[in-house]
Amino acid sequence: MDWVHDRKVLPLPGANFGRLIDVDDAETFVVAVERTPDVLPALLCEAGGLLVLKGMGAISGQPELLVRLSHPFGTEVEDYALTSNRLNLLHPASTRIIRISNRPPMNFAPPEPPDPPRTVDGHLPVRFPHRRGWHTDQSFRRPPPDISLFYAHEPAPRDQGQTLYADGTGAWERLDDDLAAIAEDLVGIHVSPFKGHGEDDVREGREPQALDERDGPQPQPVVRRHPVSGRKALYLCEREQMDWIHGPFAGMEPGVDGEAARLLYRLMRHFTQPALTYAHHWDQGDLVIYDNRCTIHSATWFDAAKYNRDMWRTTVWGNPGPFYDGESRSWEGAAARG
Ligand SMILES: [Fe+2]
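Bear in mind that the values here come from a model prediction, so they are computed numbers and not experimental data. (Residues numbered from 1 in each chain as written. Predicted model: local features only at pLDDT ≥ 70, side-chain atom pairs only at ≥ 80, totals over all residues.)

### A short note on the overall build of the protein chain
(1) Moving on: Helices and strands together make up the secondary structure of the protein chain, namely 10 helices and 16 strands.
(2) Moving on: Against the 2.2 N^0.38 benchmark of 20 Å for 338 residues, the protein chain shows a C-alpha radius of gyration of 19 Å, consistent with a compact globule.
(3) Moving on: Projected onto its principal axes, the C-alpha coordinates of the protein chain cover approximately 55 × 45 × 45 Å.
(4) Moving on: Counting only residues that meet the buried cut, the protein chain has 46% of its 338 residues in that class.
(5) Moving on: Restricting to contacts in the protein chain with at least 6 residues of sequence separation, those with at least 24 account for 79%. (Helix = DSSP H or I, 4+ residues; strand = E, 2+ residues; numbered from the N terminus. Rg over C-alpha atoms; globule rule 2.2 N^0.38 Å. Buried ≥ 20, exposed ≤ 12 C-beta atoms within 10 Å, placed from the backbone. Contact = placed C-beta atoms within 7 Å.)

Written out as structure tokens, the structure reads:
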């Protein structure tokens, strides 16, 4: 395929994982991917679960291109009308696309800036706990989605609203033996954000909200073996997407100041060390494809009073690995009830 062999696939500057793909024409690219649908998913796997595609701006006028490009990554491009209870986020052209935007009707507020806003050497803070909000998409469902495709329809200015990524495979491979032995059998308890189970909610004494099947809490292994690469990776969230009432880890002292919380802080500090991370500064028309089974990510602040940001996302499901074999979908009860 021309786009693979014609020097269009490059190392990703500023990262020890991932690849950069320079796309000339998005529509032609999607047709080429559809012709040999195994190639782009194989490249994602080789790249450690992160691909940055430049030049995909035609998606803005043809949102179906994003759905078409999602299909090769799994058996099902998820329908958010069934899996999410935030129906205000659905894209008018397709319920398989959600819009992460501060524009109405989404009204999705950006995270606050870290404190202090820069590291001592003047860089964008990346490492937990200076940087908060690290997560993998929709880990509060079982099985969770495998792949996300995240498109910049209208990004914030380049120096704001970046997305940070961390390499879960590298994080597992660099763990000290003693911590690896502890992590190996650990089970995280994941929950939908903004439901009163997050770390800040518990610290501030907010009343937890009722949860349905789409919200969790769901147990997930902290170490997952990737079903395609066979490599192990850390699988972990923090802040809003772990259950800090019952967790964050099963079978350990729960709560925000418990033994499990201290272990999560230790693991997340390791996971988000600069050598394992990449900061994407968005241009209009960029598309980032990431594998939720072996990477985590975090949003950063932008000035929502001054700028609009409108990002479109699909998630793809189908190969979570043998750990989830034979399970029914945790969200189907809620979907059936409507
Ligand atoms: Fe996300």
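The discussion continues.
### Some remarks on the environment of P37
(1) Moving on: Looking at the element boundaries, P37 is found in the loop between α2 (26-35) and α3 (39-46).
(2) Moving on: On the basis of neighbour count, P37 is assigned to the exposed category, with 12 C-beta atoms found within 10 Å.
(3) Moving on: Between the C-alpha atoms of P37 and L69, which are 32 residues apart in sequence, the distance is 9.2 Å.

### Quick notes on the pairing of strand β7 (residues 147-154)
(1) Moving on: Buried residues dominate β7, accounting for seven of its eight residues.
(2) Moving on: Sheet topology places β7 next to strand β14 (residues 287-291); five bridges connect them, and they run antiparallel. Considered in β14, the bridge of I147 is made with D291.
(3) Moving on: When β7 meets strand β16 (residues 310-317), the two strands line up antiparallel, connected through seven bridges. Bridge assignment links I147 to a residue of β16, and that residue is V316. (Pairing = 2+ DSSP bridges.)

### Overview of the sheet that holds strand β8 (residues 163-167)
(1) Moving on: Judged by pairing direction, the sheet is antiparallel, and its three strands sit side by side in the order β13-β8-β15 without closing on themselves. Strands with a single pairing partner mark the edges of an open sheet, and in this sheet they are β13 (277-280) and β15 (295-299). Taking each pair of neighbouring strands and ignoring which way they run, the sheet shows an average axis angle of 20°.
(2) Moving on: Pairing of β8 with β13 involves four bridges; the strand directions are antiparallel. Among the inter-strand pairings, L164 is bridged to a residue of β13, identified as A279. (Axes fitted to C-alpha atoms, helices over the stretch in contact; angles between N-to-C directions.)

### Structural notes on α2
(1) Moving on: Looking only at α2, the buried set comprises A26, F29 and V30. One side of α2 holds all its buried residues, which, seen down the axis, span an arc of 100°. Projecting away from the buried face of α2 at angles above 90 degrees are the exposed residues V31 and R35. (Arc of directions from axis to C-beta.)

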